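Observations on the model geometry
Given next are the chains, with one letter for each unit.
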Amino acid sequence: MMNTVLFRREGFTLIEIVTVVVVLAILGVFTFSFIDQATKVYIMGNTQRMLYQEASYMLERMTRELRDADSISSSSPDTVLYFHRTHQTLMDASNTIYFYQTGDADRSMNRLAFSWPHITNQRLGVNIAAFRITRSYSGTDNERINIMLTLADGDQTVTLSTSVSPKNFGTNNFTSRCFNDDYEDVIQ
Amino acid sequence: MIRLGNKGFSLIELVAFIIIGGIILPASLIAFTAVLESFSRPDYQTQARFIAEAKMEDITSQSFNSLPTQNPNFRPVRNDSTNPFMGSGTYRFGTSVYDNYQWKWIICNTGSSQINLPCSEVHNETLSDYNYYRRIEVTVRMPDNSTYDVSTLVSLRPKAL
């Protein structure tokens with residue numbers, strides 16, 4: 001006895017179902033493109049933030065060392081920063097420092113490295129796209145060294161540049177210069 | 001077919017719903033996009049910091065008694081006349097990265113009793129040791145019109161006295 005009782009129920013017509021599916025599809029396309037865009041921006045923002053952090057760390061490190069320089073070798077090529085600093089630290093006994101860009105055979109990434117005589121090729125950072133040194137007023141008290149650093153990761157590129165006027169550089173009119181406690185002068 | 005007496009939405013209600021939805025949706029989209037925009041620009045503060053640092057280096061590298069003239073009004077950083085020619089046809093901060101950044105710098109004389117005050121609050125005339133200290137204030141205005149301030153206090157080198 002498999003008599004089935006059929007209730008006369010009002011269901012959806014095919015047209016209604018098709019309409020709903022089409023409308024949902026259109027809404028879905030908008031929603032997903034929205035989420036997709038948001039995700040892309042999020043990833044882009046994260047990459048940039050990371051690059052900026054790396055770049056500012058490297059630039060900070062270089063400018064701190066450079067501010068203490070008392071002689072700077074001519075920067076040729078302009079991708080090597082080579083100078084003698086005035087003060088030692090406990091960790092770094094040597095006062096001659098190089099900062100330079102170097103390719104790494106094993107990796108596609110470009111590195112920024114620093115060396116002093118007994119330690120070479122210390123890695124300062126990666127993702128380097130460009131590293132340029134330019135000097136103005138070469139050899140005078142207000143010698144100015146401009147550093148430009150470009151980092152790239154994927155399609156994201158960030159460029160930072162700043163300039164440094166070493167505090168212990170030069171001898172002419174040395175005593176009349178500003179003093180803001182950065183480094184104590186050692187030249188009388 | 002049994003009708004239970006629910007007559008559905010009227011046209012007016014439907015139109016009202018569509019209009020309200022039409023206002024709320026774009027508004028939320030705009031707000032969302034603005035947040036995304038600000039998240040995707042982490043560079044302003046970092047750029048401004050190094051711009052300000054570079055200007056501060058320029059000023060403090062000069063002689064205490066002949067500091068550069070101050071520039072109390074904002075002007076564009078890019079291709080500013082104080083960014084010297086560096087050879088190879090470029091200025092410092094000469095690329096389009098530095099568009100829409102502006103800077104100003106203020107230099108004032110101050111004394112030991114007022115060394116913690118900003119230049120705007122220093123009263124020169126009451127100082128006896130006036131001229132022994134100078135305060136330098138560098139302000140960088142970022143493309144979103146917020147500002148980044150750096151200030152320092154300089155004196156003559158101790159060994160010069």
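Look a little higher up for the structure.
For every chain, the first residue of the written sequence is number 1, and numbering continues from 1 onward in sequence order. Throughout, the order in which chains and ligands are written sets their labels, letters from A for the former and numbers from 1 for the latter. Selection of residues for local features in this predicted model requires a pLDDT of at least 70, selection of side-chain atom pairs for listing and counting requires 80 or more, and totals for whole chains, interfaces and linings are taken over all residues. Each side-chain value is derived from all of the structure's non-hydrogen atoms; neither hydrogens nor water enter the calculation.

Pairs of residues are marked as contacts when any of their non-hydrogen atoms sit within 4.5 Å. Each partner contributes to the interface: chain B provides 39 residues, whereas chain A provides 41 residues. Summed over both partners, the accessible area lost on bringing two parts together, with a 1.4 Å probe, is the buried area. Surface buried jointly by chain B and chain A totals about 3,800 Å² across both partners, of which 54% is contributed by carbon and sulfur atoms. For this document, the term salt bridge refers to a Lys or Arg side-chain nitrogen within 4 Å of an Asp or Glu carboxyl oxygen. Inspection of the chain B/chain A interface yields four salt bridges. Here Arg 67 of chain A and Glu 57 of chain B are joined by a salt bridge, their closest N and O atoms 2.4 Å apart. For this analysis, a polar contact is any N or O atom pair within 3.5 Å, provided that within protein one partner can donate a hydrogen and the other can accept it, and provided that sequence-adjacent residues contribute only side-chain to side-chain pairs. Taken together, the links from chain B to chain A amount to eight residue pairs in polar contact (both at pLDDT 80 or more). Put simply, the parts of the chain that give the side of chain B that touches chain A at least two residues each are helix H1 (11-39), helix H2 (43-60) and strand S4 (147-156) of chain B. Gly is put with the polar residues, along with every residue not named as nonpolar or charged; the nonpolar set is Ala, Val, Leu, Ile, Met, Phe, Trp, Tyr, Cys and Pro, and the charged set is Asp, Glu, Lys and Arg. Across the side of chain B that touches chain A, the residue classes break down as 20 nonpolar, eleven polar and eight charged. Helix numbers and strand numbers start at the N terminus; a helix is a DSSP run of H or I with at least 4 residues, a strand a run of E with at least 2.

Turning next to the sheet that holds strand S2 (residues 102-110) of chain B. Two strands form a pair only when DSSP identifies at least two bridges running between them. Overall, antiparallel pairing links the five strands, which are arranged S9(A)-S4(B)-S3(B)-S2(B)-S1(B) in an open sheet. With one partner strand each, in any of the chains shown, strand S9 (178-179) of chain A together with strand S1 (71-76) of chain B form the two edges of the open sheet.

Our next topic: the state of the cysteines. Here a disulfide denotes one covalent bond, and it connects the sulfur atoms of two cysteines. Residue and element names in this part refer to chain B. Any two cysteine sulfur atoms lying within 2.5 Å of each other are counted as a disulfide. All chains considered together, the criterion is met by one disulfide over all chains. Sulfur-sulfur distance for the disulfide between Cys 108 and Cys 119 comes to 2.1 Å. With the S-S bond torsion at -85°, the cross-link from Cys 108 to Cys 119 turns out left-handed. On the criterion of sequence distance, the pair formed by Cys 108 in strand S2 and Cys 119 in the loop between S2 and strand S3 (133-141) is long-range, its members being eleven residues apart. Accessibility assignment for this pair places Cys 108 and Cys 119 in one class, buried. The buried label goes to any residue with under 20% of its type's maximum accessible area, the exposed label to any with over 50%, and the partly exposed label to all in between, with areas taken from a 1.4 Å probe on protein chains only.

This brings us to the environment of Thr 147 of chain B. Residue and element names in this part refer to chain B. Position of Thr 147 relative to the elements: it lies in strand S4. The partly exposed category is assigned to Thr 147, whose relative accessible area is 39%. The sequence separation of Thr 147 and Pro 72 amounts to 75 residues, and the corresponding C-alpha distance is 14 Å. In this structure, Thr 147 is in contact with Phe 74, Thr 139, Val 140, Arg 141 and Met 142, ignoring residues within four places of it in sequence.

Time to look at the sheet that holds strand S7 (residues 144-153) of chain A. Residues and elements named next belong to chain A. Taking strand neighbours across the sheet as the criterion, the three strands line up as S6-S7-S8 in an open arrangement whose pairing is antiparallel. Strands with a single pairing partner mark the edges of an open sheet, and in this sheet they are strand S6 (128-136) and strand S8 (156-164). Across this sheet, the average inter-strand angle for adjacent strands is 10°, counted without regard to direction. Relative to S7, S6 runs antiparallel, the two sharing eight bridges. Axis definition: a line fit to C-alpha positions, over the contact stretch in the case of helices; interaxial angles, taken between N-to-C directions, run 0 to 180 degrees.

Residues and elements named next belong to chain A. The phi dihedral of Asn 127 is positive, around 70°, even though this residue is not glycine. Tracing the sequence through the fold places Asn 127 in the loop between strand S5 (119-125) and S6. Classification of Asn 127 as buried rests on a relative accessible area of 11%.

Turning to the pairing of S4 of chain B, a few remarks are in order. Relative to S4 of chain B, S9 of chain A is paired through two bridges, and the arrangement is antiparallel. Within S4 of chain B, the residue paired with Cys 178 of chain A across the bridge is Leu 156 of chain B. Taken together, S3 of chain B and the strand that follows it, S4 of chain B, pair antiparallel across an intervening segment of five residues, in which Asn 145 of chain B is found at a positive phi of about 75°.

Relative to the helices and strands, Glu 57 of chain B is located in helix H2. With a relative accessible area of 5%, Glu 57 of chain B lands in the buried category. In terms of polar contacts, Glu 57 of chain B uses its side chain to reach the side chain of Arg 67 of chain A, at 2.4 Å.

A patch is a set of surface residues, each over 30% in relative accessible area and not in a salt bridge, joined within 9 Å for like charges and within 5 Å for the nonpolar side chains Val, Leu, Ile, Met, Phe, Trp and Tyr. Only the protein chains shown count as cover for residues, with accessible areas throughout obtained via the Shrake-Rupley method and a probe of 1.4 Å. On the surface, a cluster of nonpolar side chains totalling about 520 Å² of accessible area is made up of Leu 14, Val 18, Val 22, Ile 26 and Phe 30 of chain A. Considering the arrangement of structural elements, one finds Val 22 of chain A in helix H1 (residues 14-67).

Moving on: the packing of aromatic side chains. Residues and elements named next belong to chain B. A pair of aromatic rings is counted whenever rings of Phe, Tyr or Trp (Trp by its six-membered ring) have centres within 6.5 Å, and the orientation is called stacked for planes under 30 degrees apart, edge-to-face for over 60 and tilted otherwise. Applying the stated criterion across every chain, the model contains eight aromatic pairs over all chains. Centre to centre, the rings of Tyr 98 and Tyr 101 are 6.4 Å apart; their planes meet at 55°, and the pair counts as tilted. Note on accessibility: Tyr 98 and Tyr 101 belong to one class, buried. Of note, Lys 55 hangs over the ring of Trp 103, and the distance from its end group to the ring centre comes to 4.8 Å. Above the ring of Trp 105, the side-chain terminus of Lys 55 is found at 4.1 Å from the ring centroid. Charge-over-ring placement is defined geometrically: NZ (Lys) or CZ (Arg) within 6 Å of the ring centre, and within 35 degrees of the ring normal.

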